[in-house]
Amino acid sequence: MNRYLPVARQHFLGALASTSVVVKSISAVVLLLYLLSWAVDTSYALGVTPGYLFPPNFWVWTLATHGVVEVHIWGVAASIGTVMACGRLLEPLWGALELLIFFAVVNVSAGVLAGLSYLLTYVATFDLGFLFAVRVHGAPAFLGGVLVALKQTMGDTTVLRVPQVRLKAAPALALLLLAMLRLSGLLEDAAPLAAYGYGALSGWVYLRFYQRHSRGRGDMSDHFAFASFFPEVLQPAVGLLAGLVHAVLVKARVCRKMVKRYDVGAPSSITISLPGTDPQDAERRRQLALKALNERLKRVEDQSAWPSMDDEEDEEDDEPVLLLHLPRGGGVPGRRPAPRVQHH
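All values derive from a computational prediction rather than experimental measurement.

1. Topic: the overall build of the chain
Consideration 1: In terms of helices and strands, the chain carries 14 helices and 8 strands.
Consideration 2: The 344 residues of the chain split such that 33% are buried.
Consideration 3: If you take every contact in the chain between residues at least 6 apart in sequence, the share linking residues at least 24 apart comes to 59%.
Consideration 4: Carbon and sulfur atoms make up 64% of the accessible area of the chain, which totals about 22700 Å².

2. With respect to the nonpolar core
Consideration 1: Ranked by size, the top nonpolar core spans 42 residues in total, and within it Ile26, Leu90, Phe102, Phe142, Val148 and Leu207 carry the most contacts.
Consideration 2: Elements with a contribution of two residues or more to this core: helix 2 (21–36), helix 6 (73–89), helix 8 (96–125), helix 10 (140–154), helix 11 (170–184) and helix 12 (191–210).
Consideration 3: Sequence-distant contacts of Leu90, that is, excluding residues within four places in its chain, are made with Ala85, Gly95, Val146, Ala149, Leu150 and Thr153.
Consideration 4: Listed in part, the 12 residues of the second largest apolar core include Phe54, Leu63, Tyr118 and Val134.

3. Remarks on the side chain of His66
Consideration 1: Take His66: it is sitting in the loop between helix 5 (62–65) and helix 6.
Consideration 2: A relative accessible area of 1% places His66 in the buried class.
Consideration 3: Apart from the residues within four sequence positions on either side, His66 is in contact with Leu46, Gly47, Val48, Asn107, Gly111, Val136, His137 and Gly138.

4. Side note on unusual backbone geometry
Consideration 1: Of note, the amide linkage connecting Pro55 to Pro56 takes the cis form, showing an omega dihedral of 10 degrees.
Consideration 2: Positive phi outside glycine occurs at Phe58, with the angle close to 60 degrees.
Consideration 3: With respect to the element layout, Phe58 can be found in the loop between helix 4 (50–53) and helix 5.
Consideration 4: Taking relative accessible area as the criterion, Phe58 reaches 47% and is therefore assigned partly exposed.

5. Considering helix 6
Consideration 1: In a regular helix each residue adds 1.5 Å, so 17 residues correspond to 24 Å; helix 6 covers 24 Å between its end C-alpha atoms and thus fits that length.
Consideration 2: Among the residues of helix 6, those classed as buried are Gly75, Val76, Ser79, Ile80, Thr82, Val83, Met84, Cys86 and Gly87.

6. Quick word on the layout of surface pockets
Empty space left among the atoms is revealed by rolling a probe the size of a water molecule over them.
Consideration 1: Of the pockets and cavities examined, the second largest pocket occupies roughly 770 Å³.
Consideration 2: Of all elements in the fold, only helix 6, helix 10, helix 11 and helix 12 reach the threshold of two or more residues within the lining of the second largest pocket.
Consideration 3: Class assignment for the residues of the lining of the second largest pocket results in 14 nonpolar, 5 polar and 4 charged.

7. What about the environment of Phe226?
Consideration 1: Topologically, Phe226 is positioned in the loop between strand 4 (216–217) and helix 13 (235–251).
Consideration 2: In this structure Phe226 comes out as partly exposed when scored by relative accessible area, which is 30%.
Consideration 3: C-alpha separation for the pair Phe226 and Val205, spaced 21 residues apart in sequence, amounts to 9.2 Å.
Consideration 4: In contact with Phe226, other than residues within four places in its own chain, are Leu201, Trp204, Val238 and Ala242.

8. Observations regarding the environment of Ser27
Consideration 1: Positionally, Ser27 belongs in helix 2.
Consideration 2: Residue classification places Ser27 among the buried positions, given a relative accessible area of 6%.
Consideration 3: Through-space distance from the C-alpha of Ser27 to that of Ser79 is 7.8 Å; in sequence the pair is 52 residues apart.
Consideration 4: Excluding anything up to four places from it in sequence, Ser27 contacts Leu16, Ile80 and Val83.
Consideration 5: At a separation of 2.9 Å, a polar atom in the side chain of Ser27 contacts the main-chain carbonyl oxygen of Val23.

The rules behind the values
- Residues numbered from 1 in each chain as written.
- Predicted model: local features only at pLDDT ≥ 70, side-chain atom pairs only at ≥ 80, totals over all residues.
- Heavy atoms only, no water.
- Helix = DSSP H or I, 4+ residues; strand = E, 2+ residues; numbered from the N terminus.
- Buried < 20%, exposed > 50% of the residue type's maximum accessible area, 1.4 Å probe, protein only.
- Contact = heavy atoms within 4.5 Å.
- Areas by Shrake-Rupley, 256 points an atom, 1.4 Å probe, with all protein chains shown as cover.
- Core = buried A, V, L, I, M, F, W, Y, C linked by side-chain atoms within 4.5 Å.
- Expected span 1.5 Å × (residues − 1).
- 1 Å grid on protein atoms, 1.4 Å probe; cavity = no way out; pocket = protein on both sides within 12 Å on 5 of 7 lines; lining within 4 Å.
- Points joined across faces, edges and corners; volume = space filled by probe spheres on them.
- Nonpolar A, V, L, I, M, F, W, Y, C, P; charged D, E, K, R; others polar.
- Polar contact = N/O pair within 3.5 Å; in protein donor to acceptor, adjacent residues only side chain to side chain.

And the structure:
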């Protein structure tokens with residue numbers, strides 16, 4: 001087993017070296033804070049504690065730091081692995097700045113929502129443990145947002161063949177796994193489960209309504225609807241409930257209303273496009289048209305290339321020379337006239 005460690009370390013360092021400054025910086029901070037946790041309680045000072053997050057304490061800096069705080073080596077591996085996966089799969093599509101914005105949005109939103117949920121739980125139970133004994137920190141929040149982003153960008157990718165599991169099912173499966181670990185007692189508290197759930201929700205809201213790209217904002221496609229995260233049996237009921245919530249948020253001006261654009265100048269028929277979507281059929285048609293155009297231009301170039309032969313006489317040999325006399329005009333366009341052969 002030990003002989004594979006140098007190889008694994010070499011592959012890890014090589015993969016990390018090929019990432020951007022954003023990925024390297026986040027990974028370095030995670031590792032540094034883990035080493036610092038041997039001397040001080042970093043989860044207390046930098047993690048989200050619901051009782052200290054809100055007034056009168058107002059530890060707002062923990063919203064920015066809780067996502068990089070790990071106190072176990074497996075948490076460090078999960079956190080760095082998640083960030084490196086983003087660098088490989090999402091950063092080429094978004095860019096380093098957008099990846100950093102997504103990291104900040106998911107962690108800050110998950111911290112606020114988790115703190116509020118524990119505060120409401122205290123109001124219902126009057127148990128001070130929900131305010132001061134809970135520590136929200138680590139990779140779960142960002143992991144939830146990343147799995148949602150991967151469902152959006154490459155949801156049809158097969159993760160397991162037997163049984164067949166696609167990447168679009170990963171957010172729900174990870175949530176189910178964390179719930180089972182909590183019920184079995186392997187998780188000390190529900191903070192990782194809450195952080196993951198709120199991270200996935202925050203990532204979906206940001207990608208669905210607010211992320212900026214070339215076609216506007218958000219992704220209003222059907223395959224990324226909120227109901228698509230649930231089993232098909234539950235999707236109609238969840239879709240109805242999500243539609244009602246969305247209508248309320250639109251009236252409150254929290255979310256934008258879905259807008260349809262009609263292209264009446266389309267050559268075939270009227271097309272409808274939703275803002276933030278890139279229709280695969282249109283992209284495929286553009287690629288086929290471009291390929292056909294390139295092939296047609298190549299054929300035209302081949303036909304227009306007239307043969308040229310230089311008249312050279314060999315003074316040492318008396319062998320006959322073939323001279324090709326090509327007509328200067330009068331030929332049929334697009335056709336190569338037959339040459340006339342003369343013997344000298």
